[in-house]
Amino acid sequence: MKQIALITGATSGIGEAAALKLASLSYNLIITGRRKEKLEQLKKTIEESTSINVFTLCFDIRNWEETDKAISNLPEEFKQIDVLINNAGLAAGADPVQEGLLSDWERMIDTNIKGLLYISKMIIPGMIEKQKGHIINITSIAGKEVYANGNVYCASKHAADALTKGMRIDLLKHNIKVGSIAPGMVETEFSVVRYHGDQKKADNVYKGLVPLNADDIADTIEFMLTRPAHVNINDILIMPTAQASAVYNHRS
Ligand code: NDP
Ligand code: 8X3
């Protein structure tokens, strides 16, 4: 029987690449996001080229009732989830804290912290019942370091890093692996979202250097998932060669 993986935020970037990678590793998939057409397109792409079954869940992870309803109503054949990739997340804005927008702060805190908690709360009981599971949280270099104008995004990713550690401790006795991947710059829709749709500002983020791409993170997920049962990778900090820290980059 195929194992089942649930990937949040699979409509673009890292989540989409992770879905394609996990399909190639023979996982049946539950993919989530708010953009229904993108979810349906990805399901079609995977199901047309593989023997993988894909179930789509279109909901806003910031909303507890929607999250609860989506997971509670999974069909029987998708209920036994083996792997949870907590990927959905975003940065909104890059302003000094004194100029930050309340709406940006709420989007980041509600998605990156509360969303991660909501979906985990729904999935963990099934893993405890089986005494087996693997949770990978996509955190960030922003969860290790704080940089200018990163304030609330950095705080939300520090929280995701702390939650990873806390989950690992609490789930230890249930044989559930918990780990995180903390990427530096990855070229996805991330910067377009951060700059509220300003493509020019987004392009500038990657100007003169080669950033990571979403497949690099999907490869890292594969590495973590394919370790033997007695090995858990706690955390991987992965950067482009041209990036040494949150603030030191080499641009040509
Ligand atoms: P993308 O913007 O390409 O993807 C973000 C995904 O999150 C989308 O699928 C989006 O789906 C989903 N998402 C966002 N908000 C919600 C919501 N409220 N409810 C449900 N789904 C949501 O960015 P990335 O792939 O780069 O980002 C993935 C993760 O990686 C994030 O947690 C990000 O913080 C982290 N990260 C990214 C880095 C980078 O440089 N790109 C570096 C370090 C970490 P939809 O819009 O359809 O809802
Ligand atoms: C995304 C990477 O450097 O913008 O988490 O924080 S960074």
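In this report, we go over the structure that sits alongside the text. (Residues numbered from 1 in each chain as written. Chains lettered and ligands numbered in written order. Predicted model: local features only at pLDDT ≥ 70, side-chain atom pairs only at ≥ 80, totals over all residues. Heavy atoms only, no water.)

### Some points on the environment of Ile 71
Consideration 1: Looking at the secondary structure, you find Ile 71 in helix α3 (residues 64–72).
Consideration 2: Relative accessible area serves as the criterion here: at 7%, Ile 71 is assigned to the buried category.
Consideration 3: Note: C-alpha distance between Ile 71 and Met 122 (51 residues apart in sequence) is 6.7 Å.
Consideration 4: Once residues lying within four places of it in the same chain are set aside, the contact partners of Ile 71 are Leu 6, Leu 57, Ile 119, Met 122 and Ile 123. (Helix = DSSP H or I, 4+ residues; strand = E, 2+ residues; numbered from the N terminus. Buried < 20%, exposed > 50% of the residue type's maximum accessible area, 1.4 Å probe, protein only. Contact = heavy atoms within 4.5 Å.)

### What to know about the packing of helix α4 (residues 102–130) against helix α5 (residues 151–170)
Consideration 1: With their axes 8 Å apart at the nearest point, α4 and α5 run at an angle of 15 degrees to one another. Classified by the angle between their axes, α4 and α5 sit roughly parallel to one another. Between α4 and α5 the crossing geometry is right-handed. When α4 is examined against α5, the residues Trp 105, Met 108, Ile 109, Asn 112, Ile 113, Leu 116, Leu 117, Ser 120 and Ile 124 are found in contact with a partner set consisting of Asn 151, Val 152, Tyr 153, Ser 156, Lys 157, Ala 159, Ala 160, Leu 163 and Met 167.
Consideration 2: Looking at the contact of α4 with α5 residue by residue, the classes come out as 13 nonpolar, 4 polar and 1 charged. (Axes fitted to C-alpha atoms, helices over the stretch in contact; angles between N-to-C directions. Parallel < 35°, antiparallel > 145°, perpendicular 65-115°, else oblique. Left-handed = near helix turned anticlockwise from the far one by under 90°. Nonpolar A, V, L, I, M, F, W, Y, C, P; charged D, E, K, R; others polar.)

### Let's talk about the environment of Ser 49
Consideration 1: Mapped onto the secondary structure, Ser 49 falls in helix α2 (residues 36–49).
Consideration 2: Along the primary structure Ser 49 and Gln 80 are separated by 31 residues, whereas in three dimensions their C-alpha atoms are 24 Å apart.
Consideration 3: In this structure the side chain of Ser 49 is engaged in a polar contact, spanning 2.9 Å, whose partner is the backbone oxygen of Thr 45. (Polar contact = N/O pair within 3.5 Å; in protein donor to acceptor, adjacent residues only side chain to side chain.)

### What about the sheet that holds strand β6 (residues 176–183)?
Consideration 1: Pairing is parallel across the open sheet formed by 7 strands, whose spatial order is β3-β2-β1-β4-β5-β6-β7. The sheet is open, and its two borders are formed by β3 (54–58) and β7 (235–238), each paired with just one other strand. Within the sheet, the average angular offset between the axes of one strand and its neighbour, ignoring direction, is 15 degrees.
Consideration 2: Strand direction decides the pairing type here: strand β1 (residues 4–7) and strand β4 (residues 83–86), joined by 3 bridges, are parallel. When the sheet's bridge partners are listed, Leu 6 is paired in β4 with Leu 84. (Pairing = 2+ DSSP bridges.)

### Comments concerning the pairing of strand β5 (residues 133–138)
Consideration 1: The buried count for β5 comes to 6 of 6 residues, which makes it a mostly enclosed element.
Consideration 2: Here β5 shows two buried faces, one formed by Gly 133, Ile 135 and Asn 137 and the other by His 134, Ile 136 and Ile 138.
Consideration 3: Sheet topology note: the β4/β5 ladder contains 4 bridges and is parallel. Its bridge partner lying in β5, Ile 85 is registered against Ile 136.
Consideration 4: What joins β4 to β5 is α4, and the crossover it makes is right-handed.
Consideration 5: Bridge count between β5 and β6: 6 bridges; the pairing is parallel. Its bridge partner lying in β6, Ile 136 is registered against Gly 179. (Right-handed = clockwise from strand over helix to strand, strands pointing away.)

### Let's talk about the site of ligand 2
Consideration 1: All residues adjacent to ligand 2 are Ser 140, Ile 141, Ala 142, Tyr 147, Tyr 153, Phe 190 and Arg 194.
Consideration 2: With respect to ligand 2, the side chain of Ser 140 contributes an N or O atom lying 2.5 Å from an oxygen atom.
Consideration 3: Interatomic distance of 2.6 Å between a side-chain N/O atom of Tyr 153 and an oxygen atom of ligand 2.
Consideration 4: In terms of residue class, the shell around ligand 2 is made up of 5 nonpolar, 1 polar and 1 charged. (Near = heavy atom within 4 Å.)

### A few points about the site of ligand 1
Consideration 1: Lining the immediate environment of ligand 1, one finds 29 residues, of which Thr 11, Ser 12, Arg 34, Tyr 153 and Thr 188 sit closest.
Consideration 2: Measuring from a nitrogen atom of ligand 1, one finds a side-chain N or O atom of Arg 62 at 3.5 Å.
Consideration 3: Residue Glu 189 places a main-chain N or O atom 3.2 Å away from an oxygen atom belonging to ligand 1.
Consideration 4: Burial of ligand 1 by the surrounding chains reaches 96%, relative to a free accessible area of 870 Å².
Consideration 5: For the shell around ligand 1, the secondary-structure elements that each account for two or more residues are α1 (13–24) and α5. (Areas by Shrake-Rupley, 256 points an atom, 1.4 Å probe, with all protein chains shown as cover.)

### Notes on the pattern of salt bridges
Consideration 1: Evaluated as defined, the whole model comprises 14 salt bridges.
Consideration 2: Where Glu 40 meets Lys 36, a salt bridge forms, and the shortest distance between an N and an O atom there is 3.8 Å. Here Glu 40 and its partner Lys 36 are both found in helix α2, 4 residues apart, which amounts to about one turn of the helix.
Consideration 3: Here Glu 40 falls in the partly exposed class, since its relative accessible area comes to 33%.
Consideration 4: The exposure class assigned to Lys 36 is partly exposed, which follows from its relative accessible area of 47%.
Consideration 5: Counted as one network, the salt bridges with shared partners bring together Lys 144, Asp 161, Lys 165 and Asp 235. (Salt bridge = Lys/Arg side-chain N within 4 Å of Asp/Glu carboxyl O.)

Function-wise, these values are silent; they only describe arrangement.
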